[in-house]
Structure formats: C-alpha cells, structure tokens
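Structure at a glance
Chain by chain, the residues run as shown.
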Amino acid sequence: MVLGGSTVEALRIGMLGFGTVGRGVADLLLNHQELLSQRAGMPLRLVRIATRTPERDRGLSLGGVELTGDVNRVVNASDLDVVVELIGGFIPARDLVHRALESGKHVITANKALIAEYGSELFALAQSKGVQLGFEASVAGAVPVVKALRESLAGNRVDLVYGILNGTCNYILTEMREKGLPFAQVLSDAQDKGFAEADPSFDVDGIDAAHKLAILAAIAFGTHLDFARIVKEGIRHVSDTDIAWAKEMGYRIKLLAMARLKEGLLELAVRPVMVPESSMVAAVEGVSNAVFMHGDYAGTTMYHGRGAGERPTASAVVADLMDLARDLRVGSTGRIPALSVPVHHLRTLPIRTASQRQGTFYLRLAVTDRPGVLAEITAILARHAISLDAIHQKGRSRVEAVPLVMVTHETTEERIAMALVEIEQLDSVREPPRSIRIESGLA
Ligand code: HSE
C-alpha cells in the first residue's frame, strides 16, 4: 500500500525480553496473525526477539522468528519498524529505549517504572523523532485505561482518577479479610503460590501503584510525570485488627491510588483507605484492578479487569501495535499525543500539602484500661481541633492493652499526624497509634 509517499507492507516487530509477557505477546501475534492482519490492514510480523536465554524452550512454535542474545540486533536493526520493550526496570531498558527512539523506531513498552520516572525525556525524544511511544500495558494490564482516559474522555475536564492498581496488594487485603489472617502469613502464602514476588516491596510499599498513578495523572491533567510528589504508603502496617474493625463499621480496606485536581491543587496519593462496603471500589476483589475516572461531561466511568499476567498484558501490548499499524497505514504517526497534549504543553501544578489534605480518619490505639485515659487522649485531639464522630472500646483488662477506636469528623492529615505524635508519648498508650483515611464519597 502506498500512502503519503511511503510504502508500508507489514509492521516489522522486534522484541526485547522474552519472559512471561514476551511469551504472551509472541503467542498472540502468532496465534491471531490473520485476524490482526485483517483489522490492521497489514500483517504484524514478529521478526526478532532478543533474550538472555535464546536457547530456552518456551513451548511456542516460533516459525521464522529469529532469537538472538544480542540486543543490538533489535535496537540497531534497519529491518524493524517497532521495538517492543519487555525487559522491565531501568537498566538496560532506559538506554535501549533511548537508542531505539534515536534510530527512528517506534517503541511500545509495558514498563511502568520507566515511563513514570523517565517518561518526560522519552516522550520528548519520541516527539522530536516523529515516532510513537506506546505504553497501554504499563497501567492495569489488559484494562484499557490509557486509551479511555486519553481518547474516549478527550472532551472532558477530568478532575478525579482513582482505583486499585496493584493486584498483589488487593489479593493480600482480600485474603486477610476473608480468612481473618495477618499480613505476613498471607504474603508468605502468596509468595509460595507465585502470586507475589520474592521481593514484594515494589508491590506492598505502594511503589508499583504509584508508578501507574503517575502515568494516569499526567494524562488526566496534562501534567509532567510526577512520581516523586506522590504520597506513598503501602499495606505492611494494615493489621488483621484494622480489617476486623473496618468490617464491623461497614467498610473495607483497599490500597487506593488517587489523583484529584481541586481548586488548582493536585492531590496524588497511594495509601490504604477505608471505603464503604457497598461501594463499587469495595467490590473489586482478589488480583483484579479497577480504575474510576470522573469527567465534567462523562460523569464517573469505571474500568475493571486483569491488571497483570501473560495474556492480559500481551493483549494491551498488541493493542498498541495495532494502533501503530493502523496509523502507519494512513501515514498519521503522532496523531494522539502520548500524555493528551504535546510535550511542550505539559504543565506542573502545585500540590496539596498535608495541611490542605482534608478527610475523616479511623484512629486505633492500644491503651491501658484505667479511668482518665480517654480524657487524656481527647484533650490532645481537642488541642488540635480534631472533633470525633464515634468512639468504640472493647473488652476490659487490668494487665493487657485494650483497643480504643475513634472516627473523626473532617480534619486535615497534618492535624492527625501532629496529634498522634503527642498521643504516642502518653504512658497509657502501649503501641504506636494507627490511622487510616476514610473515603466515603467514592463510587
Ligand atoms: N505486580 C503488579 C501487581 C503487576 O501486583 O498488580 C505488574 O505491575
């Protein structure tokens, strides 16, 4: 086919990395060859894969696909149109993506860390080279959230994006609630079953979800990628006691990623929150991901599905390849800016500080059971202008600490933090106090 003076007969694909997702992409491209070709108007041809283990049998019949141990055979190749980066991490992925873009090749990646932390330089480079950098697979796997936010909601002013972006944490919290087990035990079971990484810190400390949130926020608000300014709190401190209290009060605890633009101030946070049991976000269970977006004309829309795994992630990678093939077919590369607006229009917005971040909070203390303890604690809360909505105390014990749970009225994160520092100093308070934000207004 000849369009705009260029001849495009097939999309020639090179792949970097042949792990779980790479296997899924190769399998899909080979399995659905005819379907993809019909839909794209040209064949999607997997030409070459660079992997550290070219000799390993992946149980796929790869036909004429070349396997190489040399990444240069992909990055420097002149017989490829697009490089699919599925190595993950920063080294060597960042350098290889740079080199592929520099050489005028399009790039598609599932690498959320790379996009969240180095996206600004990579999108600028891609734009200057007139090539595309696709990253649908980097957020929520198969769930088409990048495309929905950037394209389907393109006519809206979006003020709120939130969701469950880490399947490992959601699985752990679901298991803790359903089985009444502590975090450490569920994590170790999940590692045994292969649901959690041997080093789970990226997942359980909220880093992985924050990478994905940085990407969604940049698209939603046309801002530079802002991973560093995201408030990040993981789920290590969520105890089975907190989960039981949440249940009793009609809530579920979820690791929620949220980006909100209100009165010109941006709030970016990944943290465990309590959501009403009856909300849709509470119903997202197990390894599922879900994203909710609110636009001024669309209202709230919701996207739900598998956020990780071989086939779901491959589905998203191939969606980007299809977009690219369809664009090349009509000579329209660069039609859709990666982050909604061209790179030079991206802005930086002021962030909402802890003294401006308002909300209601669940507070849990372990206290000595004697007269006057409650008065000491409420005196500190009163000094910080924190008003209480409810207090629960259970059990009696002369020797052991008893739980004291309070729910506040609207206050700020800063006031809660300052009050808890003082409360922790009291002789009657036997463990570090815990606080969890309550989000009652979500879909
Ligand atoms: N480890 C992530 C999760 C998937 O548990 O959702 C890849 O981002």
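Only a predicted model underlies this, so the values are computations on that prediction, with no experimental measurement involved.

Here we look at the pattern of salt bridges
Within the structure shown, the criterion is met by 30 salt bridges. The residue D81 makes a salt bridge to R12 at a minimum N-O spacing of 3.0 Å. Of this pair, D81 sits in the loop between α3 (72–75) and β6 (82–85) while R12 sits in strand β3 (residues 11–16), and the two are 69 residues apart along the sequence. Note that R364 and D242 form a salt bridge whose closest N and O atoms lie 2.5 Å from each other. Taken together, the residues R364 in strand β15 (residues 358–367) and D242 in helix α11 (residues 240–248) connect sequence positions 122 residues apart. Where salt bridges share partners, they join E267, R271, R357, E413, R437 and E439 into one cluster.

Structural notes on the site of the ligand
As a matter of local geometry, the ligand sits amid K112, N166, G167, T168, D203, D208, K212 and A308. Between K112 and the ligand, the recorded distance is 2.6 Å, taken from a side-chain N or O atom to an oxygen atom. Here an oxygen atom of the ligand and a backbone polar atom of G167 are 2.7 Å apart. Relative to its unbound accessible area of 260 Å², the ligand is 82% covered by the protein chains. Only α7 (167–179) and α10 (207–221) provide two or more residues apiece to the shell around the ligand. Looking at the shell around the ligand residue by residue, the class counts come to one nonpolar, three polar and four charged.

Remarks on the packing of aromatic side chains
Enumeration according to the criterion identifies three aromatic pairs in this entry. A centroid spacing of 4.9 Å and a plane angle of 5° characterise the contact between Y162 and F292, whose relative ring orientation is stacked. Of this pair, Y162 sits in strand β9 (residues 158–164) while F292 sits in strand β13 (residues 288–295); the two residues are 130 residues apart in sequence, bridging distant segments of the chain. The exposure class assigned to Y162 is buried, which follows from its relative accessible area of 5%. For R94, the ring lying beneath its charged end belongs to Y118, and the centroid distance is 3.7 Å.

Observations regarding the pairing of strand β14 (residues 299–306)
Relative to β14, β13 runs antiparallel, the two being bridged by eight bridges. Looking across to β14, one finds that A290 is bridged to H304. Counting the residues in the hairpin turn of β13 and β14 gives three residues.

Let's talk about unusual backbone geometry
P92 follows I91 through a cis peptide bond whose omega is 5°. Tracing the chain through its elements places P92 in the loop between β6 and α4 (93–102). In this model, A140 sits at a positive phi of 60°, which is unusual for a non-glycine residue.

Remarks on the confidence of the model for the protein
Taken residue by residue, the protein gives an average pLDDT of 95. The fraction at 70 or more is 98%. Here residues 1–5 is modelled with pLDDT under 50, and outside its nearest four sequence neighbours on either side it reaches seven contacts, counting other chains as well.

Each value, and the rule that gives it
- What you see as residue numbers is a count from 1 along each chain, following the sequence as written.
- Under the rules for a predicted model, residues below a pLDDT of 70 receive no local features and side-chain atom pairs below 80 are neither given nor counted, while totals for whole chains, interfaces and linings still include all residues.
- To obtain the side-chain values, all non-hydrogen atoms of the structure were used and water was disregarded.
- By convention in these notes, a salt bridge is any Lys or Arg side-chain nitrogen within 4 Å of a carboxyl oxygen on Asp or Glu.
- Counting from the N terminus, the helices are the DSSP runs of H or I reaching at least four residues and the strands are the DSSP runs of E reaching at least two.
- Consider each residue's heavy atoms; a residue with any of them within 4 Å of a molecule or strand counts as near.
- Pairs of N or O atoms are called polar contacts if they sit within 3.5 Å, as long as, within protein, a hydrogen donor faces a hydrogen acceptor (for residues adjacent in sequence, only side-chain-to-side-chain pairs).
- Computed with a 1.4 Å probe, the accessible areas rest on the Shrake-Rupley method; for each residue, only the protein chains presented here act as cover.
- Residue type decides the class: Asp, Glu, Lys and Arg count as charged, Ala, Val, Leu, Ile, Met, Phe, Trp, Tyr, Cys and Pro as nonpolar, and the leftover types, Gly among them, as polar.
- Classification of ring pairs rests on two measures: the distance between centres of Phe, Tyr or Trp rings, Trp counted by its six-membered ring, which must be within 6.5 Å, and the angle between planes, read as stacked under 30 degrees, edge-to-face over 60 and tilted in between.
- Relative accessibility under 20% of the residue-type maximum defines a buried residue, over 50% an exposed one, and the middle range a partly exposed one, all with a 1.4 Å probe and only protein chains included.
- Here, a charge over a ring means that NZ of Lys or CZ of Arg falls within 6 Å of the ring centre while also lying within 35 degrees of the ring normal.
- Whether two strands pair comes down to DSSP finding at least two bridges between them.
- Per-residue confidence from the predictor is given as pLDDT, running between 0 and 100.
- By definition, residues are in contact when any of their heavy atoms lie within 4.5 Å.

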